[in-house]
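# Coordinates in review
Chain residues, written in single-letter form:
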Amino acid sequence: MIEIYFEIVFLLITIIWLSLMLYRTVKNRHFNTINEIKLLSLYICLIVIARITLFPYHLIDGHMQPLLFDKDRIVPFNKNLVPFVRMVHSYKSWKLNIIGNILMFIPVGIVWPLCFKKLDNIWKTVLAAAGYSFCIELIQLMFFERCTDIDDLFLNTIGGLIGAVIYFGIKDVIRKKCSKDSKC
């Protein structure tokens, strides 16, 4: 059995992230504070979602428990491929599950189009959020304690949609105000 600790994953992601940011800054020969703040928000979004979706929620003796990989316990996969069956009936705190999955992905719908120019409309952003959620659900298949759930994919995508509507709605209001005032 392999134990994967969040602190190690966090450290590796942070080192890779900082290396990429340093490389980009050296390559471009300038530091843009606004871009760095945008990218920092993306980094925070990725770290928080990785923590919530991959690692056990409950602490034992005040410590976060590791993600466990055991090749002998992967199959059969812990999965739910039937929509809406487990959403309400399998969780004591089903309302928290529904609201949490939606809220967790609202920042994806806001931050990702802010950082990635190709996500220039709501539907591309929603598709990216759904793809990201799908990747998380695939990763969860590898860990017997995690459950891959079609409902999570659905709820996360709704969160991405809400975030995208917020982002593009605000962007549209600003664009209209700027064209009206000609001061932007």
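Model, not experiment: these values are computed from the prediction. Within each chain, residues carry numbers counting from 1 in the order of the written sequence. Selection of residues for local features in this predicted model requires a pLDDT of at least 70, selection of side-chain atom pairs for listing and counting requires 80 or more, and totals for whole chains, interfaces and linings are taken over all residues. The basis for every side-chain value is the complete set of heavy atoms in the structure, and neither hydrogens nor water enter the calculation.

## A word on the overall build of the protein
- Note on conventions: DSSP H or I runs of at least 4 residues are helices, E runs of at least 2 residues are strands, and numbering of each starts at the N terminus. When its secondary structure is counted, the protein shows six helices and six strands.
- From first element to last, N terminus to C terminus, the protein shows the α and β order β-α-α-β-β-β-β-α-α-α-β-α.
- Judged by the C-alpha coordinates and their principal axes, the protein covers about 60 × 40 × 30 Å.
- In this scheme, a residue with accessible area under 20% of its type's maximum is buried, one over 50% is exposed, and one in between is partly exposed, where area comes from a 1.4 Å probe on protein chains only. Within the protein, the proportion of its 184 residues that are buried is 36%.
- A contact between two residues is defined here by any heavy atoms of the two lying within 4.5 Å. For the protein, long-range pairs separated by at least 24 residues make up 75% of all intrachain contacts whose partners lie at least 6 apart in sequence.
- Method for areas: the Shrake-Rupley scheme with a 1.4 Å probe, in which residue coverage is limited to the protein chains shown. As presented, the protein carries roughly 12,000 Å² of accessible surface, and 71% of it is formed by carbon and sulfur atoms.
- For this count, His and the chain ends are skipped, Lys and Arg are scored as positive, and Asp and Glu as negative. Charge placement uses NZ in Lys and CZ in Arg. For Asp and Glu, CG and CD serve respectively. With 21 positive and 14 negative side-chain charges, the protein shows a spacing of 13 Å between the two charge centroids.

## A word on the nonpolar core
- In this structure, L42, I49, F105, V108, W112 and Y132 are the most contacted members of the largest nonpolar core, which totals 23 residues.
- When residues of this core are traced back to their parent elements, those giving at least two are α1 (6-28), α2 (33-54), α4 (94-115) and α5 (122-140).
- Of all the elements, α2 adds the most residues to this core, at seven residues.
- Contact partners of W112, with chain neighbours within four places excluded, come to L42, C45, L46, P107, L119, A128 and Y132. For the purposes of this section, nonpolar cores are sets of buried Ala, Val, Leu, Ile, Met, Phe, Trp, Tyr and Cys residues that join through side-chain atoms within 4.5 Å.

## What about α1?
- End to end, α1 covers 32 Å across 23 residues, agreeing with the expected 33 Å (1.5 Å per residue, within 8%).
- Looking one or two residues past α1, R29 carries a phi angle of roughly 60 degrees, positive in sign. Multiplying 1.5 Å by the residue count of a helix minus one yields the expected span of that helix.

## Focus: a nonpolar patch on the surface
- Together, L40, I44, V48, I52 and Y57 make up an exposed nonpolar region whose accessible area comes to about 460 Å².
- Take V48: it is sitting in helix α2.
- For V48, a relative accessible area of 41% corresponds to the partly exposed category. Note that patches include only residues with greater than 30% relative accessible area and no salt bridge, and the join distances are 9 Å for like charges and 5 Å for nonpolar side chains (Val, Leu, Ile, Met, Phe, Trp, Tyr). A pairing counts as a salt bridge when a side-chain nitrogen of Lys or Arg comes within 4 Å of a carboxyl oxygen of Asp or Glu.

These figures come from the coordinates and say nothing about function on their own.
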